[in-house]
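Residues per chain are reported as follows:
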Amino acid sequence: MLAAPAAMTSILRFNVVAKEYDVGSVFEGNRAVLRALDGVSFSIEPGETVGLVGESGSGKSTIARIATGLLRPTSGSVTLLGHRIDTLSDRRLRTQRAGLGFVFQNPYESLNPRHRISEILELPFLVHQRLSAAERNKQVNDLLDRVGLSPASDFARKLPHQLSGGQRQRVAIARAIALRPRLLIADEPVSALDVSISGQVLNLLRDVQEVIGSSTLFISHDLALVQATCDRVLVLHRGRIIESGPTATVLNNPSHPYTLRLMVSMPAYMTAAQLVTDHEVTSEPAIGGCLFRDRCPFAMPRCNQTPPLFEETPGHQSLCWLLGANTDVAVWRDLRLKIASRMSVGSKPSAVTATAHPDPSWPLDNPPATSGV
Amino acid sequence: MNAPLLNISGLRVQYPTGDATLTAVDGVDLQVREGQRVGLVGESGSGKSTLAFVAARLLRSPGRATEGRVDFEGRDLLSLDEAGCNEIRGSRIAMVYQDPFTFLNPLIRVGNQVSETLQTHSRCSRSQARTQAVMMLERLGLRPGAVMARKHPHQLSGGQRQRVVIAMALIGRPRLLIADEPTTALDVTVQAQILRVLSGIIAELGTSLLLISHDLSVIRLMCEFIYVMYAGKMVEFGPAAELFTAPRHPYTQALLRASGHDVDANRRFFTIPGAPPDLRRPPEGCRFAHRCPHRMKICARSPALLPVGHAGSHAACWLHQPP
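Residues numbered from 1 in each chain as written. Chains lettered and ligands numbered in written order. Predicted model: local features only at pLDDT ≥ 70, side-chain atom pairs only at ≥ 80, totals over all residues. Heavy atoms only, no water.

**Description of the overall build of chain A**
Part 1 of the argument: Secondary structure summary: chain A contains eleven helices and twelve strands in total.
Part 2 of the argument: Looking at chain A as a whole, 54% of its 373 residues are labelled buried.
Part 3 of the argument: Counting contacts in chain A only where the partners sit at least 6 residues apart, residues at least 24 apart contribute 66% of the total.
Part 4 of the argument: Of the accessible surface of chain A, which amounts to about 16400 Å², a share of 52% is contributed by carbon and sulfur atoms. (Helix = DSSP H or I, 4+ residues; strand = E, 2+ residues; numbered from the N terminus. Buried < 20%, exposed > 50% of the residue type's maximum accessible area, 1.4 Å probe, protein only. Contact = heavy atoms within 4.5 Å. Areas by Shrake-Rupley, 256 points an atom, 1.4 Å probe, with all protein chains shown as cover.)

Given below as structure tokens:
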């Protein structure tokens, strides 16, 4: 038997997790190690929705795949419901995975096109609970009702291609919650859907999460979506969590220059005036030290060393020397203030209101003179 | 006022399907003036991409424009022969699509793909075309241009590939650029860079823009005049300033509200109930009626697209017109 979980256990805990890939070719002599994740630590507590934000290649999907046990980390430990999953045998992992539900990005690819909806949805009950055909049938109908696909008996007979994108994502959610998992991982669940449909799907996700009492890891590139749905947010950049904290705190008052850059890049925050200027970085990305320093307008000599995690307010952490002692960069503080004023309550980043606010231009356009160390 | 550069009028595009005909675009008008930046907003299935393909005469069989006209620089594109179209496409009208990888030839260096486009459409020597291609790549932020020109598409990132595609589209100095979701597949910081470059270069070349997107915030950023399509019909159009601050059509209002990602106290998003109609069997009257919070009896009849306000806005909604 596995050790019994402690009384107050995190649902999911990553402890200094690293994942490295060997890249390059033996024959061309350019073998190297690609560090997809570098010292990633976070936890998800019961009932919590945690947002994971980052651009392509930042390591979002690697985190999701390690959390599901599909990938094993190179170092560090991963605990799901109190059990180490990074060292588990494949057979034991399979039982642990019943505690996990996964909603993928593309409902056109995540459902087997040759299986009827009933076959897709009864599989978890067959594999994990060995229910009889009649019991499975009842469970499938219950699930379809719960995700708003009624009459359930009609939808159960259909094939995925007979459903719209929103309906397919409802089926994917039904499959994810079939075994009432403690943790839902939603990887860009609505990015393939139209805006008039995505709200319906997100509301459904929130409904089922409340009913079954699960926690959620919500992976998204869309800061506005994360702001609306998540309790806490982790910002991932090149395999490191560079900023994290309560969503309202992080997105109202971001501190890491990369988070600042993400925010001013969102079309809803940009103004047409900002389109006039143009800044390009063509250098190869930095290695060692702070990984954002070559694109950072506030880079200092000490950025050659990896910064420690600074905690500005309780729970709000940032991997940046700007938060260290004896550092005072006025341009950085001004930019934070500008972003904070736009993001304050009542001035949500909707397409309607964004024009009415001052323009927090990304200071890359005029490289600032940094004071401080 | 001068005649518009692109004038689409009464356009109807149909696709034959198994048991019925699907009318993707149903009697639509759209104009792009010289130097203007026009946005076309709509969700999947609204007909916006079909419209873009017809405007560049790139619609493939079985889709067919069954009614209406597409006038470009005073010539009717729909009645032009293939040779005439080839002359216009690339040199007068250019298109950029969402997915740059399918657009580029994986076996040819990107510099050659750009210079080839120029050689096809203008009488210039190979070396002149190459020099211009390198300059164009640099202008789009692919530096050093001479090095980037020697790369193959798979050696470039998604954002770099999209820059190459834009270079190919603009090297012939077209009068009109039709961009269909040009940044949808890209990361937000890359999207911002590309929108900056695109905005700068079309201003420099004096190229008009027809930007098609589902993303209202991108459209707001780039365009001065906006059209909104729903279920094959144009439901509203007007100057960006007015459309974003005082949208008239309930669909435009709902779309703006939904894309703001506002949540209520229970963290539930605003949603538009229901789904768009099946265009093989479109409902009588207003096509948004069954999802509309303001539905009235008269909505069973089709509303005309009529002027509202004084800024040139039009809306197809009975709320804004006498019955």
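**A look at the overall build of chain B**
Part 1 of the argument: The secondary structure content of chain B amounts to eleven helices and twelve strands.
Part 2 of the argument: Compactness check: chain B gives a C-alpha radius of gyration of 21 Å against a globular reference of 20 Å for 323 residues, within 12% of the reference.
Part 3 of the argument: Taken over the C-alpha atoms alone, chain B extends approximately 65 × 50 × 45 Å along its principal axes.
Part 4 of the argument: Expressed as a percentage of contacts within chain B between residues at least 6 apart in sequence, the contacts between residues at least 24 apart total 64%.
Part 5 of the argument: Counting only carbon and sulfur atoms, one obtains 51% of the accessible surface of chain B, whose full area is about 13900 Å².
Part 6 of the argument: Across chain B, the 37 positively charged side chains and the 27 negatively charged ones have centroids separated by 4 Å. (Rg over C-alpha atoms; globule rule 2.2 N^0.38 Å. Lys, Arg positive; Asp, Glu negative; His and termini not counted. Charge placed at Lys NZ, Arg CZ, Asp CG, Glu CD.)

**Structural notes on the domain arrangement of chain B**
Residues and elements named next belong to chain B.
Part 1 of the argument: Its domain assignment divides chain B into domain 1 (6-223) and domain 2 (230-320).
Part 2 of the argument: The C-alpha-based centres of domain 1 and domain 2 are spaced at 28 Å.
Part 3 of the argument: Surface buried jointly by domain 1 and domain 2 totals about 1400 Å² across both partners, of which 61% is contributed by carbon and sulfur atoms.
Part 4 of the argument: Area buried by domain 1 at its contact with domain 2 is led by Asp26, Glu43 and Leu216, which between them contribute 35% of it.
Part 5 of the argument: For the pair domain 1 and domain 2, the number of links is three salt bridges. (Domains from an automatic or database assignment. Buried area = accessible area lost by both parts, 1.4 Å probe. Salt bridge = Lys/Arg side-chain N within 4 Å of Asp/Glu carboxyl O.)

**So, empty space enclosed by the protein**
All names here are of chain B.
Part 1 of the argument: Applying the stated criterion across every chain, the model contains six cavities of 30 Å³ or more.
Part 2 of the argument: In this model, the largest cavity occupies a volume close to 80 Å³.
Part 3 of the argument: Pro250, Cys286, Cys292, Cys299 and Cys317 are the residues nearest the centre of the largest cavity, which is lined by 14 residues in total.
Part 4 of the argument: Residues that form the lining of the largest cavity fall into these classes: twelve nonpolar, two polar and no charged. (1 Å grid on protein atoms, 1.4 Å probe; cavity = no way out; pocket = protein on both sides within 12 Å on 5 of 7 lines; lining within 4 Å. Points joined across faces, edges and corners; volume = space filled by probe spheres on them. Nonpolar A, V, L, I, M, F, W, Y, C, P; charged D, E, K, R; others polar.)

**Brief notes about a nonpolar patch on the surface**
Part 1 of the argument: On the surface, Leu123, Leu126 and Val127 of chain A cluster together to form a nonpolar patch covering roughly 240 Å² of accessible area.
Part 2 of the argument: Residue Val127 of chain A is classed as partly exposed on the basis of its relative accessible area of 46%. (Patch = residues over 30% accessible without salt bridge, like charges linked within 9 Å, V, L, I, M, F, W, Y side chains within 5 Å.)

**Brief notes about the packing of helix α4 (residues 110-121) of chain B against helix α7 (residues 158-170) of chain B**
The axes of two packed helices give the description: the angle between them and the distance between them.
Residue and element names in this part refer to chain B.
Part 1 of the argument: One can describe the packing of α4 onto α7 by two numbers: an axis separation of 8 Å at closest approach and a directional angle of 20°. The angle between α4 and α7 falls in the class roughly parallel. α7 is crossed by α4, and the crossing has right-handed handedness. Contact residues: Val110, Gln113, Val114 and Thr117 in α4; Val164, Ala167 and Met168 in α7.
Part 2 of the argument: In terms of residue class, the contact of α4 with α7 is built from five nonpolar, two polar and no charged. (Axes fitted to C-alpha atoms, helices over the stretch in contact; angles between N-to-C directions. Parallel < 35°, antiparallel > 145°, perpendicular 65-115°, else oblique. Left-handed = near helix turned anticlockwise from the far one by under 90°.)

**As for the pairing of strand β1 (residues 6-16) of chain B**
Residue and element names in this part refer to chain B.
Part 1 of the argument: In this structure, β1 lies alongside strand β4 (residues 64-72), joined through seven bridges in antiparallel fashion. Bridged to Leu6 within β4 is Phe72.
Part 2 of the argument: Where β1 and strand β2 (residues 21-32) come together, nine bridges link them in antiparallel fashion. Each residue of the ladder has a partner; that of Leu11, found in β2, is Val28.
Part 3 of the argument: Joining the antiparallel neighbours β1 and β2 is a turn of four residues. (Pairing = 2+ DSSP bridges.)

**Quick look at helix α4 (residues 133-146) of chain A**
All names here are of chain A.
Part 1 of the argument: A rise of 1.5 Å per residue sets the reference length of α4, with its 14 residues, at 20 Å; its end C-alpha atoms lie 20 Å apart and thus fit the reference within 8%.
Part 2 of the argument: Within the sequence span of α4, burial applies to Arg136, Val140, Leu143 and Leu144. Considered in projection along α4, the buried side chains sweep an arc of 95° and stay on one side of the axis. Turned more than 90 degrees away from the buried face of α4 sit Ala134 and Lys138, all of them exposed.
Part 3 of the argument: The inward-facing, buried residues of α4 contact α3 (117-129), α5 (152-156) and α6 (165-177).
Part 4 of the argument: Among the residues trailing α4, Gly148 stands out with phi positive, at a value near 75°. (Expected span 1.5 Å × (residues − 1). Arc of directions from axis to C-beta.)

**What to know about the sheet that holds strand β3 (residues 37-41) of chain B**
Residues and elements named next belong to chain B.
Part 1 of the argument: Strand order in the open sheet formed by eight strands is β6-β7-β8-β3-β9-β10-β12-β11, and the pairing between neighbours is mixed. Of all strands in the sheet, those bounded by a partner on one side alone are β6 (93-96) and β11 (306-308). Each neighbouring strand pair of the sheet contributes to a mean axis angle of 25°, computed without reference to strand direction.
Part 2 of the argument: Relative to strand β10 (residues 233-239), strand β9 (residues 225-230) runs antiparallel, the two being bridged by six bridges. Looking across to β10, one finds that Ile226 is bridged to Gly238.

**Let's talk about the environment of Pro239 of chain B**
Residue and element names in this part refer to chain B.
Part 1 of the argument: You can see Pro239 is positioned in strand β10.
Part 2 of the argument: With a relative accessible area of 19%, Pro239 lands in the buried category.
Part 3 of the argument: For Pro239 and Tyr97, which are 142 residues apart along the polypeptide, the C-alpha to C-alpha distance reads 25 Å.
Part 4 of the argument: Not counting chain neighbours up to four residues away, the residues in contact with Pro239 comprise Glu224, Phe225, Ala311, Gly312 and Ser313.

**Some remarks on the side chain of Thr68 of chain A**
Part 1 of the argument: The residue Thr68 of chain A is located in the loop between α1 (60-67) and β4 (75-80) in this model.
Part 2 of the argument: If we skip the residues at most four places from it in the chain, Thr68 of chain A touches Arg97, Leu100, Phe102 and Ile185 of chain A.

**Thoughts on the interface of chain B and chain A**
Part 1 of the argument: If you look at the interface, chain B gives 40 residues, while chain A gives 42 residues.
Part 2 of the argument: Taken together, the two surfaces of chain B and chain A that pack against each other cover about 3800 Å², and 53% of this comes from carbon and sulfur.
Part 3 of the argument: Area buried by chain B at its contact with chain A is led by Arg196, Arg220 and Arg267 of chain B, which between them contribute 21% of it.
Part 4 of the argument: The interface formed by chain B and chain A includes three salt bridges.

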